[in-house]
Amino acid sequence: MPYSPGRNEEAMYHFSKVLNVSFDEAIALVTDALKAEGMGVLTEINAQAAFKKKLGIDFRRYTILGACHPQTAFQILEEDDKAGVLFPCNVVVQEHQDGRVEVSAVDPLMMFLMVHSPRAKEVAQNASVMMQRVIDRLPALQTESNLAIV
């Protein structure tokens, strides 16, 4: 079966795409795609460096970007003041052992299902569409199965 990043039939809590760029280029592209949707990066966690420093373990390049859309965050907090425990929306950029660079973003709809407000679910649905557009803006890895026949 061909590789299908992030498509676990049992847990669809994220959007993922393998890119045809370097790790550093992927970070820049993700940051730009987030900005295009009105989002910013509040936090950046370098898991590779953290694991090396704290555990002495070598790990692949793996960065977690904590993204936020201020208007969406405000709307959710207006509905439930405890919903901040679910912030920010994380986007992962990771380099696999074979050199592939994959970007995965949390699906805000799945994250905010625990908030028991119809309005919050509407806001989360809009955020989900926004995050899917972020992933859609990124250039996918070209494979034999998705190359156009000329």
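Participant: I keep staring at the sheet that holds strand β2 (residues 40-46) and nothing clicks. Help me out?
Facilitator: Sheet strands pair via backbone hydrogen bonds, and the direction of the pair is either parallel or antiparallel. As summarised here, the arrangement of the 5 strands in space is β1-β5-β4-β3-β2, forming an open sheet in which the pairing is antiparallel. Two strands bound the open sheet, and with one partner strand each, they are β1 (14-19) and β2. If you compare each strand with its neighbour and ignore which way they point, the axes differ by 20° on average. Sheet topology note: the strand β3 (residues 62-68)/strand β4 (residues 89-95) ladder contains 6 bridges and is antiparallel. Note that in β4 the partner of alanine 67 across the bridge is cysteine 89. Packing of helix α1 (residues 23-36) onto the sheet brings it into contact with β1, β2, β3, β4 and β5 (101-106), and relative to β4 it is tilted by some 160°.

Participant: Which parts of the structure should I look at to understand the packing of aromatic side chains?
Facilitator: The description of an aromatic ring pair uses the distance of the two centres, along with the angle that the planes make with each other. Throughout the structure, instances matching the rule amount to 3 aromatic pairs. Taken together, a centroid distance of 5.1 Å and an interplanar angle of 85° make the contact between phenylalanine 51 and phenylalanine 59 edge-to-face. In this structure an aromatic cluster arises from ring pairing among Phe51, Phe59 and Tyr62.

Thresholds applied
- Residues numbered from 1 in each chain as written.
- Predicted model: local features only at pLDDT ≥ 70, side-chain atom pairs only at ≥ 80, totals over all residues.
- Heavy atoms only, no water.
- Pairing = 2+ DSSP bridges.
- Helix = DSSP H or I, 4+ residues; strand = E, 2+ residues; numbered from the N terminus.
- Axes fitted to C-alpha atoms, helices over the stretch in contact; angles between N-to-C directions.
- Contact = heavy atoms within 4.5 Å.
- Phe/Tyr/Trp six-rings, centres within 6.5 Å; stacked < 30°, edge-to-face > 60°.

Note that all results are geometric; they support no functional claim without further evidence.
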